[in-house]
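Topology and contacts: notes
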Amino acid sequence: SASGELECPPLEEYLKKVKEFLEFDPRIENVIVTSEDKSACEEFLEILNKELPSLRVIQNIGDVQQGTGSGSKLEAYTEGSSNAQVVASALTSLHMHMRARYFVLTSKSTWTSTIAVMARVYGFASEVIVFDIGPNKNTFAHLARRGCA
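Residues numbered from 1 in each chain as written. Predicted model: local features only at pLDDT ≥ 70, side-chain atom pairs only at ≥ 80, totals over all residues. Heavy atoms only, no water.

Turning our attention to the side chain of D63. Tracing the chain through its elements places D63 in the loop between strand 2 (56–58) and helix 3 (83–97). One buried charged residue, D63, remains without a salt bridge, the closest side chain of opposite sign being K38 at 9.6 Å. (Helix = DSSP H or I, 4+ residues; strand = E, 2+ residues; numbered from the N terminus. Buried < 20%, exposed > 50% of the residue type's maximum accessible area, 1.4 Å probe, protein only. Lys, Arg positive; Asp, Glu negative; His and termini not counted. Salt bridge = Lys/Arg side-chain N within 4 Å of Asp/Glu carboxyl O.)

Take a look at the structure:
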């Protein structure tokens, strides 16, 4: 995991951007919520239920939410999860995200930047729009925000 990768922006920032997407496209019915941090996911689900109860939340119920972006440091974060389960979690979450059009992410995470880039190239949506609410950058950050063209 990148040093400090788990230091996410406040969840209210994510909510603010979801609301901006809803203003831009009022036809949005679903929101995919994923995170390696189980408590952040649970807290954001509570916020969504209170603030935007009409949205249908989609989650990867098989996600082990290992608490790190690294399968090699797994034993330090999650008891009882194997590297194979972490890989399966990542791939099934990636599969879900390939169907998304709008993304709220922090480019401090190379994984979320990679998801946005892959969605632009291989995803099912005709146009992908990304809000990067993180103040950080990585190798893929500019591609995640703007695309490959």
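Once the structure has been displayed, the description carries forward.
Turning next to a negative patch on the surface. A cluster of acidic residues, E12, E13, E42, E43 and E46, forms a negative patch at the surface. Within the residue set of the negative patch, elements represented by two or more residues are helix 1 (11–24) and helix 2 (38–51). In terms of residue count, helix 2 provides more of the negative patch than any other element does, three residues in total. Along the chain, the position of E12 falls in helix 1. (Patch = residues over 30% accessible without salt bridge, like charges linked within 9 Å, V, L, I, M, F, W, Y side chains within 5 Å. Areas by Shrake-Rupley, 256 points an atom, 1.4 Å probe, with all protein chains shown as cover. Charge placed at Lys NZ, Arg CZ, Asp CG, Glu CD.)

Enumeration according to the criterion identifies three salt bridges in this entry. Put simply, E20 and K17 hold a salt bridge, and the shortest N to O gap is 3.4 Å. Placement of both E20 and K17 in helix 1 is noted, with a separation of three residues, approximately one turn of the helix. For E20, a relative accessible area of 28% corresponds to the partly exposed category. With a shortest N-O distance of 3.0 Å, E51 and K19 are connected by a salt bridge. Separated by 32 residues along the polypeptide, E51 in helix 2 and K19 in helix 1 bring together distant segments of the chain. Judged by its relative accessible area of 30%, K19 falls in the partly exposed class.

Let us look at helix 2. For helix 2, built from 14 residues, the straight-helix expectation of 20 Å at 1.5 Å per residue is met to within 8% by its first-to-last C-alpha distance of 20 Å. Turning to helix 2, its buried residues are A40, C41, F44, I47 and L48. End-on, the buried residues of helix 2 take up no more than an arc of 125°, which puts them together on one face. Residues of helix 2 that are exposed and point over 90 degrees away from its buried face: E46, N49 and K50. Looking at the packing, one finds that the buried side of helix 2 touches helix 1, strand 1 (30–32) and strand 2. (Expected span 1.5 Å × (residues − 1). Arc of directions from axis to C-beta. Contact = heavy atoms within 4.5 Å.)

Applying the stated rule across the entire model yields four aromatic pairs. An aromatic cluster is present here, built from F21, F24, Y102 and F131 joined pairwise through their rings. Just above the ring of F131 sits the side chain of K17; from NZ or CZ to the centre is 4.6 Å. (Phe/Tyr/Trp six-rings, centres within 6.5 Å; stacked < 30°, edge-to-face > 60°. Lys NZ or Arg CZ within 6 Å of the ring centre and 35° of its normal.)

So, on to the pairing of strand 3 (residues 102–105). Across four bridges, the pairing between strand 3 and strand 4 (residues 129–132) is parallel. By the bridge assignment, V104 is partnered in strand 4 with F131. Handedness of the β-α-β unit built from strand 3, helix 4 (residues 110–122) and strand 4 comes out right-handed. (Pairing = 2+ DSSP bridges. Right-handed = clockwise from strand over helix to strand, strands pointing away.)

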